[in-house]
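Read off the chains here:
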Amino acid sequence: MIMTKKGLGASVKRKEDPRFLTGLGQYTDDIEKPGTLHLAILRSPHAHARILNIDTTKAKQLDGVVAVVTGEEALDYYGPLATTINISNNVPEIYAIAYKKVRYVGEPVAVVAAVDRYVAEDAVDLIEVEYDPLPVVVSVEDALEPKALLYEEWGHNIQLEWKTTIGDIDDAFAKATYVFEETITHNRYTGTPMESRVCIADYNPATKHLTVTCSTQSPSQVRTLIAQTLRMPEHNIRVIAPDVGGGYGTKLQANAEIIPCVMSRILGRPVKWTEDRVENLLSGMHSRDYSCTLKVGLDKDYRILGLKAKLIGNIGVDGTCQGPGTPALLVAAAYFPGPYKIPAYEAEVLGVVTNKGPYGAHRGYGKDIANYPVERMMDIMAQKLGISPVEIRRRNFIGKDEYPYEQISGPIYDSGDFQRLMDIALEKVDYHDLKKKQQEWRKQGRYIGVGMAAMLEPSGAAVFNGVFNGYQPATVRMTPEGGFQILTSHQNIGQGVETTLPQIVASVMDVDIDDIRLVYGDTDVTPYGLGPFSSRGATYTVSAVYEAAKKLKDKILKIAGHLLGADPQDLEMVNGHVRVKGVSSHEASISLKELGNKVYLWPGPYGTVPKGVDCNLECTYTWTSEVVKWVPDEHGRVNLYTTHPTGVFVAVVEVDVETGQVKINKFIVSHDSGTIINPMIADGQIAGGIAHGIGGVLLEDLAYDRNGFMVNADFQSYLCPTAMEVSDIEIHHIECPSPFTPLGTKGMGEGGAIPSPAAVANAVEDALEPFGVRVKDLPLTPERILEWINKGEVNHGRS
Amino acid sequence: MAEAGVRKKISVTVNGVKYEREVNVRTLLSDFLRRELGLTGTHVGCEQGVCGACTILIDGQAIRSCLTLAVQADGRSVTTIEGIGSPEQLHPIQQAFWENHGLQCGFCTPGFVISAYAFLSENPNPTDEEIREALSGNLCRCTGYQGIIKSVKAVAEKMQATAVSNTK
Ligand code: FES
Ligand code: FES
């Protein structure tokens, strides 16, 4: 491995930071072309209703209003929302602006274009809509009854139904010494990037070109979805993504973005839509919201013999076209076995549609769903058996020598060492000492608990049929003066790729990262490819960049060999020069600048380039994984993820039994994501993920009432964690390089969010053990904690 | 909400430059700075006074520009992120954020830098807990606050050290 100061493995300061620090970043809302009209969207106040009539007369008469468009009028310009992802699920016919019927509170009903946003919002208030309310489907029970049908043509409310049995599951339970069953639930929550969605669409009626500037994670994917939905030739669409103020999975679709596109197409003028926070909470992507019943059979030595998982997800209005959320439930089914050895397995998945907002991706994408119930279950079983949660995990972990490990459910785990990760985490948190002290603290009326969760983070999904299929090219280009550009569809959303991808090229070419620039965020400029989702950067994009850089290096060496009269085999690249290996004389060396100058400019290619070499100093490589398996076997098993970071997370919490308040004292993380490119950035990703996990377990809840109204659609009542709630986080790394990527890197970014809810819930249960508290629904609000404490005291002991 | 259409002339000094403009009385100060003056470093994350992304200084006090009308800034002096430092000459707070990975997507960053600026001028020698509390009015969805707290601590320590060496 090359270890230069500026290359792989160094905590280099980020290249992108100076502009962000000084207010010189450029996010979509910062951009405005003269003549731009501003949009405001009238949104449904009903969770489920027929639209009888829309009267836009008064709105149109308001000074400054240029157009008001309804769902019906938009039909002349687009079709139903294109499918983002489909793994054997039902795909609804659904439009960007509601047509005939509304299906959730916040669904767009009509759109105003006006000279500024203030006027557009005034006009929205003047639109009159007559609704015929329908029965509302809020819960899974409502959906299954069914209380009403969201999509009449389906005849039911089921978007996804799937089942698999692998191994002799009945026999496993028949032989089991212990059998445990629990139903574990998780609240609905989301990523709420600080920059909400923003989209500028500019359609030129003469050229018929559409330029879309938007806050998205995936410009190429958005271009495809816009082309399909607007039925426009894709080569006439250009998607630009400038600086993006966070994504976390929530910016991976084109649903709301279709609205400005259609408005600009109608008006032939640039239009801008800036989502406000209420809109973002109502209609930005939602996640989680599930109930999972686990049944586990153990032998007398507490080794798992069989695992049954029944997962029921409350999708909301849709998770295929509005957003890509529904298959997350299948990802969970593939990964319930997690870090453990499971000889027999059964999984059943049911995803129902309801009158809640759209279902998308949010840091975890089902890996979190696989993790939370199982990691809770490990602790619950340990409690019931009267053994340590450490011990039950230890006995069931996959051993470090068993990798690559083919999990019973299909995935192939590349590398890892859970045992060592757990040892490190326990040592760093001083587990045994803590458990001892816990008893003394209890005597003083202090309830401190420690909880752990093992983490498996499948990264780099390649899903057949659609815009998440793993297609990832990168181009590396040398300029006439010997600098480099990397061109890729991989969007910077804050994860630091403007620094880490140059670090890869720096390590191949042995140049300074300041001489390398990442070019991204414009589909007219970069090769078609996917964006950052599924923690895929260090699996796919890094590998593509690395291979493209190697190809280019090869070419540079050939040309340099020709110029130096040396065999390219004998050459090396050192500090911006190509030279004969180990020789430092001037004659045996050529700078990249000199070489670039010669090829491009003075004299130019003739005589400079050896025969048979394509002298374009630019190479593209499209990296594909060798382990992805799309053809299902007899059990329906596939392998979609190439790399698997692992970890063990430990939370230490204190619960105030008077107020029910949970305070997280610290998080200790031991983590393995293979070869690390930039440790500082890797740690930042883990910490950010943990904050999302803490939010989900303690605070964040997209709460709907019986009528399908979201009761907390603003930041005053939807609580994101602040610096007061996120504790200190201490991170330790080991590196088990992936055998499936050229540099041993593994994607990462979701790992923090996946196990932290279980770690906290387990810690809270541990803290409240004297009260016999069993953690049930999330988030862990003070009211719930107090209720459980009271109930626990009544029940007097363990459940 | 003030009546639409009524306009008023205001005079505001922003980052040392005096601007005279006629604005609609209901224009938010955040919109005035961003759209009228093109100072897009002030970000809007909620328009509800919760996230702190829009934090600026008015006469040295940190306030939320999304909860303030442009007309309220009449005759006053405003400092935005653009007035704190430049890429060539980062303010020590900005430098500390850079060195300690105090930012990821950067959207919340101007608000945090301004909040930290106002906080440190009142409490140059804070404890960790005080830093957390002072910054609890700003939301960051990317960093989990680790790098931010580290940055503010680092700059406070550095400022302390300089203060001490200056008095020597
Ligand atoms: S935008 Fe002003 S506080 Fe959020
Ligand atoms: S850096 Fe992205 S929100 Fe703070």
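As named in an unreviewed UniProt entry, chain B is Carbon-monoxide dehydrogenase small subunit, taken from Thermoflavimicrobium dichotomicum. According to its UniProt record, chain B has this under Pathway (unreviewed entry): "Alkaloid degradation; nicotine degradation."

Per an unreviewed UniProt entry, chain A goes by the name Carbon-monoxide dehydrogenase large subunit and belongs to Thermoflavimicrobium dichotomicum.

Caption draft 1: Representation of the overall build of chain B within the structure. A tally of helices and strands in chain B yields 5 helices and 5 strands. Its helices and strands in sequence order give chain B the pattern β-β-α-β-β-β-α-α-α-α, from N to C terminus. In terms of C-alpha radius of gyration, chain B reaches 17 Å, essentially the compact-globule figure of 15 Å for 168 residues. If one aligns the C-alpha atoms of chain B with their principal axes, the spans along those axes are about 55 × 35 × 25 Å. The 168 residues of chain B split such that 55% are buried.

Caption draft 2: Looking closely at the domain arrangement of chain A. All names here are of chain A. Entries for chain A in the domain assignment read domain 1 (17-25 + 471-623), domain 2 (31-134 + 194-246 + 251-283) and domain 3 (286-462 + 631-795). Just the C-alpha atoms count here: the centres of domain 1 and domain 3 sit 40 Å apart. Contact with domain 1, which involves 19 residues of that partner, is made by 24 residues of domain 3. Carbon and sulfur atoms supply 61% of the area buried between domain 1 and domain 3, which totals about 1500 Å² over both sides. Considering only the surface of domain 1 that becomes buried against domain 3, Ser534, Ser535 and Thr539 emerge as the three largest contributors, covering 32% of it. On inspection of domain 1 and its partner domain 3, the count reaches 10 residue pairs in polar contact (both at pLDDT 80 or more). Where the side of domain 1 that touches domain 3 is concerned, the elements lending two or more residues are helix H15 (497-509) and helix H16 (537-564). Taken together, the residues of the side of domain 1 that touches domain 3 break down into 7 nonpolar, 10 polar and 2 charged.

Caption draft 3: View of the UniProt feature "domain: Aldehyde oxidase/xanthine dehydrogenase a/b hammerhead" (unreviewed entry) in chain A. The UniProt record annotates "domain: Aldehyde oxidase/xanthine dehydrogenase a/b hammerhead" (unreviewed entry) at residues 22-135 of chain A. As a span, residues 22-135 of chain A carries 15% helix and 31% strand, and end to end its C-alpha atoms are 52 Å apart.

Caption draft 4: Local environment of the interface of chain B and chain A. With 49 residues of chain B at the interface, the matching set in chain A holds 56 residues. In total, about 4400 Å² of surface goes out of reach between chain B and chain A, with carbon and sulfur atoms giving 56% of it. Taken together, the links from chain B to chain A amount to 8 salt bridges. A salt bridge links B:Arg35 to A:Asp29; the nearest nitrogen and oxygen atoms lie 3.2 Å apart. Where chain B packs against chain A, one counts 33 residue pairs in polar contact (both at pLDDT 80 or more).

Caption draft 5: How the structure looks around the confidence of the model for chain B. Looking at chain B as a whole, its pLDDT mean stands at 95, while 95% of the residues score no less than 70. The complex model carries a pTM of 0.96, and its ipTM stands at 0.97.

Caption draft 6: Inspection of the sheet that holds strand E28 (residues 646-655) of chain A at higher detail. All names here are of chain A. Sheet architecture is open: 4 strands sit in the order E18-E28-E29-E30, paired in mixed fashion. Strand pairing shows two members of the sheet lacking a second neighbour, strand E18 (447-456) and strand E30 (728-734), which therefore form its edges. Ignoring strand direction, the axes of neighbouring strands in this sheet form an average angle of 15 degrees. Its contacts with the sheet place helix H13 (residues 418-429) against E18, E28, strand E29 (662-672) and E30, and it is angled at close to 30 degrees to E28.

Caption draft 7: Highlighting unusual backbone geometry. Residue and element names in this part refer to chain A. Cis geometry is adopted by the peptide bond preceding proline 603, which originates at tryptophan 602 and carries an omega value of 5 degrees. Along the chain, the position of proline 603 falls in the loop between helix H17 (592-600) and strand E26 (618-623). A cis geometry characterises the amide bond from leucine 778 onward to proline 779, with omega recorded as -5 degrees. Mapped onto the secondary structure, proline 779 falls in the loop between helix H19 (756-767) and helix H20 (782-795). Positive phi is not limited to glycine here, since aspartate 430 has a value of about 60 degrees.

Caption draft 8: Seen up close, the domain arrangement of chain B. All names here are of chain B. Each assigned domain of chain B is listed with its residue range as follows: domain 1 (9-83) and domain 2 (92-167). Here domain 1 and domain 2 have C-alpha centroids that lie 22 Å from each other. Tallying the contact residues gives 16 residues for domain 1 and 13 residues for domain 2. Summing the contributions of domain 1 and of domain 2, the shared interface buries around 1100 Å²; its carbon and sulfur component is 65%. Broken down residue by residue, the surface that domain 1 buries against domain 2 is led by His43, Leu57 and Ile81, which jointly contribute 41%. The tally of links between domain 1 and domain 2 comes to 0 salt bridges.

Caption draft 9: Up close: the nonpolar core. All names here are of chain A. If you look at the biggest cluster of nonpolar residues, it comprises 179 residues, and the most contacted ones within it are Phe336, Phe667, Val760, Val764, Leu768 and Leu780. Here the element with the most residues in this core is helix H11 (residues 367-385); it accounts for 10 residues. Aside from chain neighbours lying at most four places away, what touches phenylalanine 336 is Cys292, Leu307, Ala309, Leu311, Tyr345, Ile369, Ala370, Pro373 and Val374. Counting residues in hydrophobic clusters, the runner-up holds 52 residues, among them Ile41, Ala74, Val111 and Leu225.

Thresholds, definitions, all that
- Residues numbered from 1 in each chain as written.
- Chains lettered and ligands numbered in written order.
- Predicted model: local features only at pLDDT ≥ 70, side-chain atom pairs only at ≥ 80, totals over all residues.
- Heavy atoms only, no water.
- UniProt positions renumbered as here; feature names shortened; annotations may be inferred.
- Helix = DSSP H or I, 4+ residues; strand = E, 2+ residues; numbered from the N terminus.
- Rg over C-alpha atoms; globule rule 2.2 N^0.38 Å.
- Buried < 20%, exposed > 50% of the residue type's maximum accessible area, 1.4 Å probe, protein only.
- Domains from an automatic or database assignment.
- Contact = heavy atoms within 4.5 Å.
- Buried area = accessible area lost by both parts, 1.4 Å probe.
- Polar contact = N/O pair within 3.5 Å; in protein donor to acceptor, adjacent residues only side chain to side chain.
- Nonpolar A, V, L, I, M, F, W, Y, C, P; charged D, E, K, R; others polar.
- Salt bridge = Lys/Arg side-chain N within 4 Å of Asp/Glu carboxyl O.
- pLDDT = per-residue confidence, 0-100.
- Pairing = 2+ DSSP bridges.
- Axes fitted to C-alpha atoms, helices over the stretch in contact; angles between N-to-C directions.
- Core = buried A, V, L, I, M, F, W, Y, C linked by side-chain atoms within 4.5 Å.

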